[in-house]
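# Structural overview
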Amino acid sequence: MNRLTRRIGDASARRPWVTIAAWVAALVLVLPLAGLVGGSFVDDLVAPGSQSEKAMELLEERFPEASGGSAVAVFAVPEGERIDRHRTAVEAAVGRVAEVEHVATVTDPFAAGTVSPDGRIGYVQVAFDVPEMEVKPEQVDALDDAIEPVRGDGVVAEIGGDAVFINAETPTSGAEAAGLLTALVILVVAFGTIVVALVPIALALVAVAAGLGSIVLLAHATDVSTAAPTIGAMIGLGVGIDYALFIVARCRENRAGGQDNATALSNAMSSSGAAVLFAGGTVIVAMSALALTGLGFLTSIGLSTSLVVLFAVATALTLLPALLSLLGDRIHKGRRHRGLRTRRAKKSKTSKKSENTENHKSPEQTAWWRFAHHVSGRPWPYLLAGSAVLLALAIPALRMETGFPDAGNDATSTTHRRAYDLLAEGFGPGFNAPLLIVADLDSPGVDAAGIPELARRIADDAGVASIGEPRFSTAGDTVVLPVLPTTAPADAATSDTLERIRGVIPDNVAVSGLTAMTDDLTRQLSDTLPVFIAAILVVSFLLLMLVFRSVAVPLKAAVMNLLSIGGAYGVVVAVFQWGWLGGLFNLHETILIASPLPTIFFAVLFGLSMDYEVFLLSRVREEYDATGDPTESVARGMAVTGRLITSAALIMTAVFLSFVANPSPLVKMMGLGLATAIVLDATIVRMVLVPASMALLGRAAWWLPRPLDRRLPRITVETMESEESEESEESEDTVESNESDDLPPPPEPTPAPTARIS
């Protein structure tokens, strides 16, 4: 792996302008193409094999008029007034709504009697001739334009309903720019120069731009969730900056150690470049595992995020070395070098090399080295204290209640949220949670004559507010009964009502509607989450075992990542579900945890935490191969990566926290949870639990049974001082297997450290 990344980096550095031109050409091709032929985003909220899916398929096949999407145009006047005073303006709006593309039918609120008892709120029922998932945002905008003139008549007019809520475009807060600015400040502080700070930001923006363009093109071929671009951008910005940061920092470290620019860059691509390739691959594997849930919208989020991460890795391995080769000495100048610039200009190349070495801090001079030895000297207290903190933070996660976000959870700045509130006020909360009872009269069970009795049994349920008149298909083989519950869509009581209804209906009857569909989704997510988590744990264990040639290291990584993820779950539950510090995050009410969140969370967080695991332990293994001392190797590994990992964590935290300002509750939860997990992972896990556990494990941390060592393929990430050393290494075989199943003897120290993760 190290030779691959070295050669890619060297080729890009030798032809920097060709590499840059190739990336510019790729962006010029992808972005306009996405604008021309790219698809629109839609949430496929169907749980495969569920009752709601079967009902919708039956309607699409036999009763297409009843399977179309629906929306509502809501009109309201101030307290003490009546909507019928504006009847002319409302009826004119109804006429304009009927002319919108794909609108099949529109009701008149005054003729249909859809006016609240106090006469203040009325609604227009809009039926589309396409399913809810196929209603375009442009058609939603056209509906809003059609009712706009009514607002000038002193009437509140809003567009809502399932089709509008599902297809509403996810708004942005603009705070993402603040996250990037914060990342830039952190990079300037870390490197001491604006030139170096701008490089990771620029690469992240290129990766996100190319990734988002590819996501739009993907939407042309398949359904892609409306949340996919936002989540992809969130992850892409974080990893894009971090991957570039790790390589740039290693390049500067090599340069400060006395290597010339070309050698420093080449060796950085060999070591940190290989770590970036492996870390990015781990994130891609974790996100692609979302396909195991069997849910289309989660699969699209996983594939979309994987695309962005793939571009982040590609820019780090190709575009970054091209830029670094053009920048030359400027990439290595910072606060440490400012006082020496005049003298450097007068000195020879040998003198410059000496200066670089003198200004490079040895590991023993760093606070990280001293802290690691401090923890290693008291491993049990630190291990128990760190674990206790993470477990305490995770306690609220035991009381997590999940549900699918509805329009009532969205920001009040959106028209569908305001329509939701008006309808709940005028007609009860259950109006926003309609259910569809679908009967297949060609199958054994209830027949046409038994429909009235079925309707009576359903109406007798305490959770049912009303049941509409049955609608028969043209062929008379399918019937639909609309039902309104007494409670809101995300209310647990609505799920209970749904279960009771499903308990009394015969075999040829099914319940569908958006509320039933999302309830089925939540259930399937709960059922598949254990399988999903197990799959990611097994795959990540095998990958880490291949790279680190160890059993204990991947097991330790899995346990500690679970602890940090559990802590993040607990914080999200405490803030969103319990309302703790809600005002700090602009939350005015408690909301259920979005049911897709635990699954998405686990994939993202496990992948990102593995990044830090790889970057830290690769340096620890390098030092262990050089010294044979398990405690000293951890201290030295932390000494050279502590500042870097902390800076990377601060950058990711700033980027993720910027998304907390997003109006979408799902994005807001994602932002807070990811930021929390990164902070926990980079502080308690990496800086406390890792040195404590490695000290307790000692040499056993790097033990691998001989049969496994012989059979497993070898993936190496090696640090070499020059191209000549690489050529000599290519003629050698890989490291020999351990001669026995006993703990391996510590390797002999070597004067020139060679890190071998094999």
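Scroll up to find the structure this text is about.
These numbers come from a predicted model, not from an experiment. (Residues numbered from 1 in each chain as written. Predicted model: local features only at pLDDT ≥ 70, side-chain atom pairs only at ≥ 80, totals over all residues. Heavy atoms only, no water.)

## Quick notes on the pairing of strand S6 (residues 435–440)
Of all six residues in S6, five are buried, a share of seventy percent or more. Pairing of S6 with strand S9 (residues 478–485) involves six bridges; the strand directions are antiparallel. In the strand pairing of S9, Leu435 is matched with Val483. In this structure, S6 lies alongside strand S10 (residues 509–512), joined through four bridges in antiparallel fashion. Pairing of Ile437 across the sheet is with Val511, part of S10. (Buried < 20%, exposed > 50% of the residue type's maximum accessible area, 1.4 Å probe, protein only. Helix = DSSP H or I, 4+ residues; strand = E, 2+ residues; numbered from the N terminus. Pairing = 2+ DSSP bridges.)

## So, the packing of aromatic side chains
Here the structure, examined in full by the defined rule, presents 13 aromatic pairs. Measuring from ring centre to ring centre gives 6.4 Å for Phe371 and Tyr382, while their planes differ by 80 degrees; the resulting arrangement is edge-to-face. Residue Phe371 is found in helix H16 (residues 367–377), and its partner Tyr382 is found in helix H17 (residues 379–394); the two are separated by 11 residues along the sequence. Under the relative-accessibility criterion, Tyr382 is labelled partly exposed at 23%. Three or more aromatic residues joined by ring pairs make a cluster, and in this case those are Tyr123, Phe427 and Phe431. (Phe/Tyr/Trp six-rings, centres within 6.5 Å; stacked < 30°, edge-to-face > 60°.)

## Examining the nonpolar core
Judged by nonpolar contacts, the single largest core of 169 residues is most densely connected at Tyr243 and Phe656. Sequence-distant contacts of Phe656, defined by excluding residues within four places in its chain, comprise Met234, Ile235, Leu608, Gly671, Leu674, Ala675 and Ile678. Residues Phe75, Val77, Ala93 and Val140 belong to the second largest nonpolar core, which totals 27 residues. (Core = buried A, V, L, I, M, F, W, Y, C linked by side-chain atoms within 4.5 Å. Contact = heavy atoms within 4.5 Å.)

## A closer look at a negative patch on the surface
On the surface, Glu57, Glu60, Glu61, Glu134 and Asp223 cluster together to form a negatively charged patch. Looking at the element boundaries, Asp223 is found in the loop between helix H10 (194–221) and helix H11 (228–256). Since its relative accessible area comes to 43%, Asp223 is described here as partly exposed. (Patch = residues over 30% accessible without salt bridge, like charges linked within 9 Å, V, L, I, M, F, W, Y side chains within 5 Å. Areas by Shrake-Rupley, 256 points an atom, 1.4 Å probe, with all protein chains shown as cover. Salt bridge = Lys/Arg side-chain N within 4 Å of Asp/Glu carboxyl O. Lys, Arg positive; Asp, Glu negative; His and termini not counted. Charge placed at Lys NZ, Arg CZ, Asp CG, Glu CD.)

## Points about the pairing of strand S3 (residues 121–128)
Of all eight residues that make up S3, six are buried, and the element is covered over most of its length. Note that strand S1 (residues 70–76) and S3 share seven bridges and pair antiparallel. What sits directly across from Ala73, in S3, is Val124.

## Notes on the packing of helix H23 (residues 597–627) against helix H25 (residues 665–697)
Packing of H23 against H25 leaves a shortest axis separation of 10 Å and a crossing angle of 35 degrees. With respect to the hand of their crossing, H23 and H25 are arranged in right-handed fashion. When H23 is examined against H25, the residues Leu597, Ile600, Phe601, Val604, Leu605, Leu608, Ser609, Tyr612, Glu613, Leu616, Leu617 and Val620 are found in contact with a partner set consisting of Leu666, Met669, Met670, Gly673, Leu674, Ala677, Ile678, Asp681, Arg686, Val690 and Met694. (Axes fitted to C-alpha atoms, helices over the stretch in contact; angles between N-to-C directions. Left-handed = near helix turned anticlockwise from the far one by under 90°.)

## Here's the deal with helix H3 (residues 51–62)
Over its 12 residues, H3 runs 17 Å from end to end, which matches the ideal 16 Å to within 8%, given 1.5 Å per residue. Inspection of H3 places Ser52, Glu53, Ala55, Met56, Leu58 and Leu59 among the buried residues, and these make up the whole buried set. Elements that come into contact with the buried residues of H3 comprise helix H4 (64–67), S6, S9, helix H20 (492–504), S10 and helix H21 (514–548). (Expected span 1.5 Å × (residues − 1).)

## Section: the sheet that holds strand S2 (residues 103–106)
Read across the sheet, four strands follow the order S2-S3-S1-S4 without closing on themselves; strand pairing throughout is antiparallel. Every interior strand has two partners, whereas the edge strands, S2 and strand S4 (156–160), have only one. Averaged over neighbouring strand pairs, the angle between their axes works out to 20 degrees when direction is ignored. The sheet contact formed by S1 and S4 spans five bridges and is antiparallel. Bridge assignment links Ala76 to a residue of S4, and that residue is Val156. Helix H5 (residues 87–98) rests against S1, S2 and S3 of the sheet, and its axis sits at about 155 degrees to S2.

## Overview of the pattern of salt bridges
According to the stated counting rule, one finds 30 salt bridges in the structure shown. Across the salt bridge formed by Glu158 and Arg151, the nearest N and O atoms sit 4.0 Å from each other. Looking at Glu158, the relative accessible area reads 7%, which means it is buried. Residue classification places Arg151 among the partly exposed residues on the basis of a relative accessible area of 25%. The shortest N-O distance in the salt bridge between Arg686 and Glu613 comes to 2.3 Å. Of this pair, Arg686 sits in helix H25 while Glu613 sits in helix H23, placing them 73 residues apart in sequence. As far as the burial class goes, Arg686 and Glu613 line up, both buried.

All quantities given are derived from atomic positions and should not be read as evidence of function.
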